[in-house]
Amino acid sequence: MKSEKFSRELDPVTFEVLKNGFINLVDQMAEQILRTCYSFVIYCRDFSCCLNDSEGDTVMQGSWDIAVHVGTLHFTAKSVINAFKGNINPGDVFAVNDPYAGGTHFCDVRIIRPVFFDGELIAFMQCNGHWADVGGSVPGSFDIRAKEHYGEGLRIPPIKLWEKGVYREDVANLLVSNMRGPEDRLGDMRAQAEATRVGEQQLLRLLEKYGKDTVLQAFEECKNYVERITRARIKELPEGTWIAEDYIDMDPDVGEGLIPIRVSLTIKDGHLHYDLEGSHPYIGCFLNATFGSAYSAVIAGTKMLFPDIPLSSGFYRVVTANLPEGTVVNAPWPIAVTGFCSGAYEKIMNAIFEIWSNIMPERAMAPCFNLEYLLIGGWDNRPGYNYHFMWYDWMAGGHGARWDRDGSNCSAPMFGVGLTVQPCEGQERLTPVVTSRHEILVDSGGPGKYRGGCGVVKGGTLGLVDRSVMSYCCDRARAINMGVSGGLPSYPHGVRLNPDTEIEKYLGAVFSNYPVKRGESFVRPSQGGGGLGDPMERDLARVLEDVIDGYVTVERARKDYGVIIRVIDEDLCQYEVDKDASAKERASIKEHRAGWLEEDPSLVREKYLKGEIEFIDLFRRYGVILDWETNELLPKTTEQFRNKLKKNALQYWKK
């Protein structure tokens, strides 16, 4: 909807007080759920809250909502209104998790409470939390093999959990009886319901103090205010159309070959319109997105460029999107969609970052690392436990390089800015999985004039477990995170079981229900961010500092940056740059690097198998992608990856 009629009936002071009062009440809801939730996942801030008006439109979100939920909460409020029109009463509390009704995925369960004042429906309070399990075929409800949603967990259309203040225990028990850890699920449900009650109390206080008409006027002016300032910002920008692509690794129903997600942005008359026409049809696993989650990616990716603007439905008037049905960015019911977070979502965001790097270079940012989930579920046999456990883990990673600085190391994913890394001590107390290592992954940041932030590497060992399986919801083993404006890629994802042993096995970046047993170990990396600018232009002193800090090895300093560093005393971190040798090395790289991207991929593979080049050389120097388990060449994937590398890097390198 487009509206340019802005009402300003409230005086500025009252408006500002109420606007911030709305933000504050949403933040109080967040504090309530943070202190009362049962799931470690929610405790690590995988939740969001908002205030919706009586039509379901978002009046205001809070300060700590994770990115993935923005742009979707009004859809689920409207789905409740449509389902229960004429039957919404004081004391009702609703639940919904339906991704085909504007939600994200089945694990994101929204609890919604209507607010009445003097017998009139005024607003809805909404609290969305990621439940660690909602049933389905594998622990954690992340089955990469799922073709349809029936194996992904319980689909909850809008239902009542409380009706006119009466708790519907039978309905709640029906839900959680189909989920692992039912007591935890009930605990999270009650915590979310209580959070909405806190929001209701705070709104009623504002209504009592300022009156219904003033508060309702403030609702409208909050949305108009956001629309007005957003349009003003957009009108300062050049008009035109920009296009970028990113990729999912593959469609298991088709075989090798990257899955394109195409994003086009048109700026015109103070309006932003994204068109994802040309994106690939939906694929045969759960990495697809629905309309709601893809639109959330559009909103979150755009909002990153305007961090100071509050978020309400006024923003959605300015930012619209065409998400073609039947594609990987708008899969229809009943196509599997739970893994949208690792699949389509962040690919849309990274394509948006690439587009905006051309529009607002002063805020340019290279693509950031991809969210990944590793889940281990089974039976906890430790003394005193003896119940089903869920080890549910995501890692930090590297953000993309900025126009004037390196990317942030070991940060939350753009999917969920605000997420916290789960404390190893907490995980070890709750589950029989011991963390063996958790450290910065050297050489994982994409090289550039400004380096991408580093990812991490994390390993663990299974303790007293029984009947346990492992699943990994990820991507980017093949569509490795790119740089921009001459920058280079980062590092591929993938889990290794029993590393550094004779029985080591590479499991890849997408698998489900893999049996694991007591004493087995595992390790996995997270990506770094992409580099920005030509690595040959990076200051020598900054490369030296990267080596001293442990972000870059001496060997990769030479290969990625053309900087020759002599080791004086490694234990004391004493190194020095050989400037003359570096000048020669950089000249040699500049002479040969375009040719490296034209070498026969099969010959490059042979060089790797003979030990003549390193693993990282494959994708950073030659743009060659192999099946990392079998070392088989992936010709179609390599061609697509090379073309993207040439577009993002080669054309920016000075001859």
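All values derive from a computational prediction rather than experimental measurement.

S.K.: Got a minute to help me understand the overall build of the chain in this structure?
M.R.: For the chain, the count of helices and strands is 16 helices and 22 strands. Its C-alpha atoms put the chain at 80 × 65 × 50 Å along the principal axes. Restricting the contact set of the chain to residue pairs at least 6 apart, pairs at least 24 apart contribute 72%. Carbon and sulfur atoms make up 50% of the accessible area of the chain, which amounts to about 24,200 Å² in all. Seen as two clouds, the 73 positive and the 91 negative side-chain charges of the chain have centres 2 Å apart.

S.K.: Help me out: how do you make sense of unusual backbone geometry in this one?
M.R.: With glycine set apart, most residues show a phi of negative sign, and most peptide bonds adopt trans. For the bond from W333 to P334, the omega torsion is 5 degrees, close enough to zero to count as cis. Mapped onto the fold, P334 is located in the loop between strand 11 (319–322) and helix 9 (344–359). Although it is not a glycine, N386 sits at a positive phi angle of roughly 55 degrees. In this fold, N386 is placed in the loop between strand 12 (373–380) and strand 13 (387–394). In the Ramachandran plot, N631 falls in the positive-phi region, its phi being about 65 degrees despite a non-glycine side chain. Considering the arrangement of structural elements, one finds N631 in the loop between helix 15 (615–620) and helix 16 (635–648).

S.K.: Sorry if this is basic, but what is going on with the pattern of salt bridges here?
M.R.: For the coordinates displayed, the defined rule picks out 53 salt bridges. A salt bridge links K160 to D92, with the nearest nitrogen and oxygen atoms 3.0 Å apart. With K160 in strand 6 (residues 159–163) and D92 in the loop between helix 3 (73–83) and strand 3 (93–96), this residue pair connects regions lying 68 residues apart in the sequence. You'll find K160 and D92 in the same group, each marked buried. With a shortest N-O distance of 4.0 Å, R168 and E163 are connected by a salt bridge. By relative accessible area, R168 is classed as partly exposed at 30%. By relative accessible area, which is 30% here, E163 ends up partly exposed. Through salt bridges that share partners, E555, R556, R558, K559, D560, E585, E614, D617 and R620 make up one connected network.

S.K.: Would you take a moment to explain the nonpolar core for this structure?
M.R.: Generally speaking, a soluble globular protein has its nonpolar side chains buried in company with each other. Grouped together as the largest cluster of nonpolar side chains are 126 residues, with contacts concentrated most on F22, L203 and W356. Discounting residues that sit within four places of it in the chain, F22 has contacts with L51, V59, M60, L203, L206, V215, A218, F219 and C222. Listed in part, the 50 residues of the second largest apolar core include L374, I376, M482 and A509.

S.K.: Help me understand the packing of aromatic side chains in this model?
M.R.: When we look at a pair of aromatic rings, we describe it by the centre distance and by the angle of the planes. For the structure shown, the criterion picks out 26 aromatic pairs. With a centroid separation of 5.1 Å and an interplanar angle of 65 degrees, the aromatic rings of F142 and Y373 are classed as edge-to-face. Residue F142 is located in the loop between strand 5 (120–130) and strand 6, and its partner Y373 is located in strand 12; the two are separated by 231 residues in the primary sequence. When the centroid spacing of 6.0 Å and the interplanar angle of 90 degrees are considered together, the rings of Y373 and W394 count as edge-to-face. Taken together, the positions of Y373 in strand 12 and W394 in strand 13 put the pair 21 residues apart, joining distant regions of the chain. With relative accessibility at 0%, the residue Y373 sits in the buried group. Its relative accessible area of 1% is what places W394 among the buried residues. Cluster of aromatic residues (ring-pair linked, three or more members): F142, F286, Y373, Y392 and W394.

S.K.: What is the right way to look at the packing of helix 1 (residues 12–36) against helix 6 (residues 212–235) in this model?
M.R.: Any two packed helices are characterised by how steeply their axes cross, that is the angle between the axes, and by the distance between the axes. One can describe the packing of helix 1 onto helix 6 by two numbers: an axis separation of 10 Å at closest approach and a directional angle of 85 degrees. Compared by their axis directions, helix 1 and helix 6 come out roughly perpendicular. Side by side, helix 1 and helix 6 meet where T14, F15, L18, K19 and F22 of the first sit next to T214, V215, A218, F219, E221, C222 and Y225 of the second.

S.K.: Honestly, the sheet that holds strand 17 (residues 495–497) in this entry has me stumped. Any pointers?
M.R.: Pairing between the strands of a sheet is mediated by backbone hydrogen bonds and can be parallel or antiparallel. Strand order in this open sheet of five strands is 14-15-20-17-18, and the pairing throughout is antiparallel. The sheet is open, and its two edges are formed by strand 14 (433–440) and strand 18 (505–508), each paired on a single side. Along the sheet, successive strands turn relative to each other by an average axial angle of 20 degrees, direction set aside. Sheet topology places strand 15 (residues 456–462) next to strand 20 (residues 521–525); five bridges connect them, and they run antiparallel. The partner of G460 across the bridge, within strand 20, is F522.

S.K.: Looking at this structure, how should I read the sheet that holds strand 11?
M.R.: Strand order across the open sheet formed by four strands is 8-9-10-11, with mixed pairing between neighbours. At either end of the open sheet lies a strand with only one pairing partner, and these are strand 8 (240–248) and strand 11. Strand-to-strand twist across the sheet, computed as the mean angle between neighbouring axes with direction ignored, equals 20 degrees. Two strands pair when backbone bridges link them, and strand 8 and strand 9 (residues 259–268) are joined in this way by nine bridges, in the antiparallel orientation. Within strand 9, the residue paired with Y247 across the bridge is P260. Contacting strand 8, strand 9 and strand 10 (271–275), helix 9 runs over the sheet at an angle of about 145 degrees to strand 8.

S.K.: I'm lost on the side chain of T76 in this one. Help?
M.R.: Looking at the element boundaries, T76 is found in helix 3. Exposure remark for T76: the relative accessible area of 0% places this residue in the buried category. Among the polar contacts listed, one links the side chain of T76 to the side chain of Q126, at a separation of 2.7 Å. Residue contacts for T76: discarding those within four places in its chain leaves V96, A101, G102, G103, R110, I112 and Q126.

S.K.: Please explain helix 5 (residues 182–210) as it appears in this structure.
M.R.: Three- or four-residue spacings in an α-helix give side chains the same orientation, since the helix completes a turn every 3.6 residues. Spanning 29 residues, helix 5 covers 42 Å between terminal C-alpha atoms, matching the ideal 42 Å at 1.5 Å per step. In the stretch just after helix 5, G211 is the one whose phi turns positive, near 90 degrees.

S.K.: I would appreciate a short explanation of the confidence of the model for the chain in the present structure.
M.R.: The predicted coordinates should not be examined in detail at positions where pLDDT is low. When the pLDDT values of the chain are averaged, the result is 94; 99% of them are 70 or greater. Long-range and interchain partners of residues 1–7, a stretch whose pLDDT sits below 50, account for 18 contacts in this model, where long-range means more than four residues apart.

S.K.: Could you clarify how one ought to interpret the environment of R233 in this entry?
M.R.: Counting through the fold element by element, R233 comes out in helix 6. Sequence separation between R233 and E591 is 358 residues; the distance between their C-alpha atoms is 43 Å. Excluding residues within four positions of it along the chain, R233 makes contact with F306, D308 and I309.

S.K.: What am I meant to see in the side chain of N498 here?
M.R.: As for its placement among the helices and strands, N498 is situated in the loop between strand 17 and strand 18. Overall, the relative accessible area of 7% leaves N498 in the buried class. Excluding residues within four positions of it along the chain, N498 makes contact with I503, E504, E520, S521 and F522.

Thresholds, definitions, all that
- Residues numbered from 1 in each chain as written.
- Predicted model: local features only at pLDDT ≥ 70, side-chain atom pairs only at ≥ 80, totals over all residues.
- Heavy atoms only, no water.
- Helix = DSSP H or I, 4+ residues; strand = E, 2+ residues; numbered from the N terminus.
- Contact = heavy atoms within 4.5 Å.
- Areas by Shrake-Rupley, 256 points an atom, 1.4 Å probe, with all protein chains shown as cover.
- Lys, Arg positive; Asp, Glu negative; His and termini not counted.
- Charge placed at Lys NZ, Arg CZ, Asp CG, Glu CD.
- Salt bridge = Lys/Arg side-chain N within 4 Å of Asp/Glu carboxyl O.
- Buried < 20%, exposed > 50% of the residue type's maximum accessible area, 1.4 Å probe, protein only.
- Core = buried A, V, L, I, M, F, W, Y, C linked by side-chain atoms within 4.5 Å.
- Phe/Tyr/Trp six-rings, centres within 6.5 Å; stacked < 30°, edge-to-face > 60°.
- Axes fitted to C-alpha atoms, helices over the stretch in contact; angles between N-to-C directions.
- Parallel < 35°, antiparallel > 145°, perpendicular 65-115°, else oblique.
- Pairing = 2+ DSSP bridges.
- Polar contact = N/O pair within 3.5 Å; in protein donor to acceptor, adjacent residues only side chain to side chain.
- Expected span 1.5 Å × (residues − 1).
- pLDDT = per-residue confidence, 0-100.

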